[in-house]
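# Structural overview
The primary structure of each chain is shown beneath.
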Amino acid sequence: MPDLTEEEYDALDELWTNNPPVVSGNGKSGFFMQRRNEIVILDDVSAAWLRTKAEITHQDPTEIIGALVRKEIAASA
C-alpha cells in the first residue's frame, strides 16, 4: 500500500468514519470483523493467489481461507 499524505489520510479516515463497511452474516466472520473493527489486508501476491484460486474452484475467498486454516489446525494437532 502506498504511503498516504496527511490530507489523504484525513480524507480516508473521514470516509471510513462516515461510511463504515457493511458486515454480512453473523458479524463475526468475513474480511470485516465487527467486534474489533479489524480489516484484514493481504499483500499483492496473496490477494492475486486468492482471487485466482476462487475463480478456478468457484469458491468464495472465505471458503478457501477457512479450508487453509482447518488444514493448518489439522497438521498441528
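Okay, so let's go over this structure.

Cut-offs applied
Residues numbered from 1 in each chain as written. Predicted model: local features only at pLDDT ≥ 70, side-chain atom pairs only at ≥ 80, totals over all residues. Heavy atoms only, no water. Helix = DSSP H or I, 4+ residues; strand = E, 2+ residues; numbered from the N terminus. Areas by Shrake-Rupley, 256 points an atom, 1.4 Å probe, with all protein chains shown as cover. Buried < 20%, exposed > 50% of the residue type's maximum accessible area, 1.4 Å probe, protein only. Axes fitted to C-alpha atoms, helices over the stretch in contact; angles between N-to-C directions. Parallel < 35°, antiparallel > 145°, perpendicular 65-115°, else oblique. Contact = heavy atoms within 4.5 Å. Nonpolar A, V, L, I, M, F, W, Y, C, P; charged D, E, K, R; others polar.

A few words on the overall build of the protein. Tallying secondary structure elements over the protein gives 3 helices and 2 strands in all. Secondary structure elements of the protein, listed N to C terminal, follow the sequence α-β-β-α-α. Put simply, the protein shows about 6,900 Å² of open surface, and 56% of that area lies on carbon and sulfur atoms.

The next point concerns unusual backbone geometry. Of note, the phi angle at His 58 is positive, near 55°, even though the residue is not glycine. Summarising the element assignment, His 58 is placed in the loop between helix H2 (44-57) and helix H3 (61-76). Given the relative accessible area of 73%, His 58 is considered exposed.

A word on the packing of H2 against H3. Between H2 and H3, whose axes approach to 9 Å, the crossing angle comes to 105°. Relative to H3, the element H2 lies roughly perpendicular. For the pair formed by H2 and H3, the contact residues are Trp 49, Leu 50, Lys 53, Ala 54 and Thr 57 on the first element and Pro 61, Ile 64, Ile 65 and Leu 68 on the second. Its residues assigned to classes, the contact of H2 with H3 shows 7 nonpolar, 1 polar and 1 charged.

Turning next to the environment of Trp 49. As for its placement among the helices and strands, Trp 49 is situated in helix H2. If near-sequence neighbours (up to four positions away) are discounted, Trp 49 is found in contact with Ile 64 and Leu 68.

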